[in-house]
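Read off the chains here:
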Amino acid sequence: MTTLHETIVPTQRVRRITVLISGSGTNLQALLDAASTPRLPNAAITYVLSSRSNAYGLTRAKTQNPPIPTSVCALKTFLNRNPGSTREHYDGEVARQVLQSRPDIVVLAGWMHILSDRFLEVLNGEKEAPPKPALPPPEPKSLPNQTEPIPSNDSSSPTAETEQKTLPSPPSTQHFPIPIINLHPALPGAFDGANAIGRAFEAFQEGEVKNTGVMVHRVVAEVDRGEPLLVKDVEIKEGDTLEDLEARIHQVEHEIIVDGARIVLEELEKETSS
Ligand SMILES: Nc1nc2c(c(=O)[nH]1)N[C@@H](CN(C=O)c1ccc(C(=O)N[C@@H](CCC(=O)O)C(=O)O)cc1)CN2
Ligand SMILES: NCC(=O)N[C@@H]1O[C@H](COP(=O)([O-])[O-])[C@@H](O)[C@H]1O
């Protein structure tokens, strides 16, 4: 006979994903579409931080049901508002806002800033997050009480007739290190840094490469040199325009970013259940 305790399956806490963006957010959208489906099970995007106030990805987050808390931490604005501050101070503030979002994992989805050790040490749990800057940029929207339905207060919110969803609550304790992954539109070691697609396209035209690729890798101090988790080759065809190549790469990005997030969350589940 099966006793009661043998039939109770502990419900797994929904994992919280914080996404860092700087632009249109099509990769964020891929994560939003996949969250809580078999492609990215038991997970939700619970915070979006942008380095640019005009990033359309912020709109994508705010128009979700429920709306996803967002904030903007722009480098120039931060430096102007905090005279005497440095890039390291900026990275510390980014880390503070990310930590405040209580993530299980962090995904860089087109985040266009190199993150220094000041950020990485906080996410690894090696150092405390710095206090709020003297003149903080606008506070990130406070994490609403995420166990209650988000009150619909504008036309973009769900109406009473549509189900009001809630974001998963943060756990009582924050685990460290918080895994950080990055989507990079190049093969390992090929075109590190910004404008990787453009540089691959030029290299193809010069006959230096026959193809390029996309990878999701762990984030370490050395830019785009963290352990690759997934790597996909992308063909460059004779006659391709840059736009043709970009479209082919983005299609692969939108798949691989979801698979990369799932892999890291599966690792986390194994670590926390062992
Ligand atoms: N410590 C790390 N930081 C970041 C990594 C990483 O692997 N380790 N990945 C990058 C993402 N990225 C490519 O994938 C990348 C983006 C931007 C740059 C860059 O040179 N940025 C300039 C500013 C550019 C701008 O503001 O338009 C800079 O930071 O000065 C390099 C790589 C994210 N960060
Ligand atoms: N070095 C990282 C990098 O260059 N990432 C690039 O930023 C874009 C973000 O697009 P999105 O805002 O539409 O997701 C991505 O397409 C990716 O190629």
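Here the structure is a predicted model, which means the values were calculated and not measured. (Residues numbered from 1 in each chain as written. Chains lettered and ligands numbered in written order. Predicted model: local features only at pLDDT ≥ 70, side-chain atom pairs only at ≥ 80, totals over all residues. Heavy atoms only, no water.)

### Some remarks on the pattern of salt bridges
Next up, step 1: One pass over the full model with this rule turns up 12 salt bridges.
Next up, step 2: When the shortest N-O distance is used, the salt bridge between arginine 15 and aspartate 104 registers 3.1 Å. A residue pair is termed long-range when its members are at least 10 positions apart, and arginine 15 in strand S1 (residues 15–21) and aspartate 104 in the loop between helix H5 (87–100) and strand S4 (105–108) qualify at 89 residues.
Next up, step 3: Judged by its relative accessible area of 8%, arginine 15 falls in the buried class.
Next up, step 4: Aspartate 240 is paired through a salt bridge with arginine 248; the nearest N and O atoms lie 2.6 Å apart. The pair aspartate 240 / arginine 248 is uniform in exposure class, with both members buried.
Next up, step 5: What you see here is one network of salt bridges that share partners, running through Arg13, Arg15, Asp104 and Glu269. (Salt bridge = Lys/Arg side-chain N within 4 Å of Asp/Glu carboxyl O. Helix = DSSP H or I, 4+ residues; strand = E, 2+ residues; numbered from the N terminus. Buried < 20%, exposed > 50% of the residue type's maximum accessible area, 1.4 Å probe, protein only.)

### Points about the packing of aromatic side chains
Next up, step 1: For the structure on display, the rule yields 1 aromatic pair.
Next up, step 2: Relative to tyrosine 90, the ring of phenylalanine 78 has its centre 5.9 Å away and its plane inclined at 65 degrees; by these criteria the two rings are edge-to-face. Taken as a pair, phenylalanine 78 in helix H4 (residues 75–81) and tyrosine 90 in helix H5 lie far apart in primary sequence, 12 residues in all. (Phe/Tyr/Trp six-rings, centres within 6.5 Å; stacked < 30°, edge-to-face > 60°.)

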